[in-house]
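Here's the letter readout for the chains.
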Amino acid sequence: MKRLYRYLSPLLILAMLLGSVSVAAAAPVPASDLVTTQAALSAEQPDADRERIHEILSRADVQEQLIAQGVDLDEVEARVAALSDEEARQMAEQLEQLPAGASVVGALLFVFVVLLVTDILGLTNVFPFTR
């Protein structure tokens, strides 16, 4: 059986190499049809930026604040639609950098809950009342 493998292996390798070379030579792909990853990502980025802006503007608390400031919501939508891709990117970046609106109390409550759960699971030993 080993003798068969010794003779058969090189033949199979040669057949696969010749088969792949003939397929590659028969169907050349024109370079103009290829799209780079960067080009694909940059084409989708303006849509993602506008979607992020629309997500924030569709929140009820944001709409309440806009109405309280005397801004018409339809006018806001029209102005967002009229933004250039660069302006939409800048606005989305600024919205990402704004505070999320969570208070210190909310952050402390979150930390307390995480520590409580890890203490109950036995991963930490912070609170003596969990034993």
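Model, not experiment: these values are computed from the prediction. (Residues numbered from 1 in each chain as written. Predicted model: local features only at pLDDT ≥ 70, side-chain atom pairs only at ≥ 80, totals over all residues. Heavy atoms only, no water.)

A. Main features of the overall build of the protein chain. For the protein chain, the helix and strand inventory stands at 6 helices and 0 strands. Secondary structure elements of the protein chain, listed N to C terminal, follow the sequence α-α-α-α-α-α. Buried positions account for 13% of the 131 residues belonging to the protein chain. Expressed as a percentage of contacts within the protein chain between residues at least 6 apart in sequence, the contacts between residues at least 24 apart total 40%. In the form shown here, the protein chain has an accessible surface area of approximately 10,900 Å², with 65% of it arising from carbon and sulfur atoms. (Helix = DSSP H or I, 4+ residues; strand = E, 2+ residues; numbered from the N terminus. Buried < 20%, exposed > 50% of the residue type's maximum accessible area, 1.4 Å probe, protein only. Contact = heavy atoms within 4.5 Å. Areas by Shrake-Rupley, 256 points an atom, 1.4 Å probe, with all protein chains shown as cover.)

B. Focus on the side chain of R50. Positionally, R50 belongs in helix α2 (residues 37-57). You can call R50 buried: its relative accessible area is 18%. R50 has contacts with V80, A81, L83, S84, D85 and A88, leaving out every residue within four places of it along the chain.

C. Broad picture of the nonpolar core. I53, I56, L57, V62, L66, V76, V80, L83, A88 and L95 together form the largest nonpolar core, which totals 10 residues. Only α2, α3 (60-68), α4 (73-81) and α5 (85-97) provide two or more residues apiece to this core. What I56 contacts, discounting residues up to four positions off in sequence, is V62 and L95. (Core = buried A, V, L, I, M, F, W, Y, C linked by side-chain atoms within 4.5 Å.)

D. The arrangement of the side chain of D49 in detail. Note that D49 resides in helix α2. We note that D49 is buried and unpaired, the nearest opposite charge coming from R89 at a distance of 5.9 Å. Those residues in contact with D49 that sit more than four places away from it in its chain are A88, R89 and A92. (Lys, Arg positive; Asp, Glu negative; His and termini not counted. Salt bridge = Lys/Arg side-chain N within 4 Å of Asp/Glu carboxyl O.)

E. Seen up close, the confidence of the model for the protein chain. This prediction gives the protein chain a mean pLDDT of 75; 76% of its residues lie at or above 70. Per-element confidence in the protein chain ranges from a low mean pLDDT of 69 for helix α6 (residues 104-120) to a high of 81 for α3. (pLDDT = per-residue confidence, 0-100.)

F. Local environment of the pattern of salt bridges. Going through the model one piece at a time under the given rule, you end up with 5 salt bridges. Here R52 and E55 are joined by a salt bridge, their closest N and O atoms 3.7 Å apart. Of this pair, R52 and E55 both sit in helix α2, 3 residues apart, roughly one helical turn. By relative accessible area, which is 27% here, R52 ends up partly exposed. On the basis of relative accessible area, E55 is assigned to the partly exposed category, the value being 41%. Across the pair R89 and E93 runs a salt bridge, and its minimum N-O distance is 2.6 Å. With R89 and E93 both in helix α5 and 4 residues apart, the pair spans about one turn of that helix. Among the residues examined, R89 registers a relative accessible area of 29% and is labelled partly exposed. One network of salt bridges, with partners in common, ties together E86, R89 and E93.

G. Seen up close, the environment of V117. Here V117 lies in helix α6. Residues V117 and T130 lie 13 residues apart in sequence; the distance between their C-alpha atoms is 9.4 Å.

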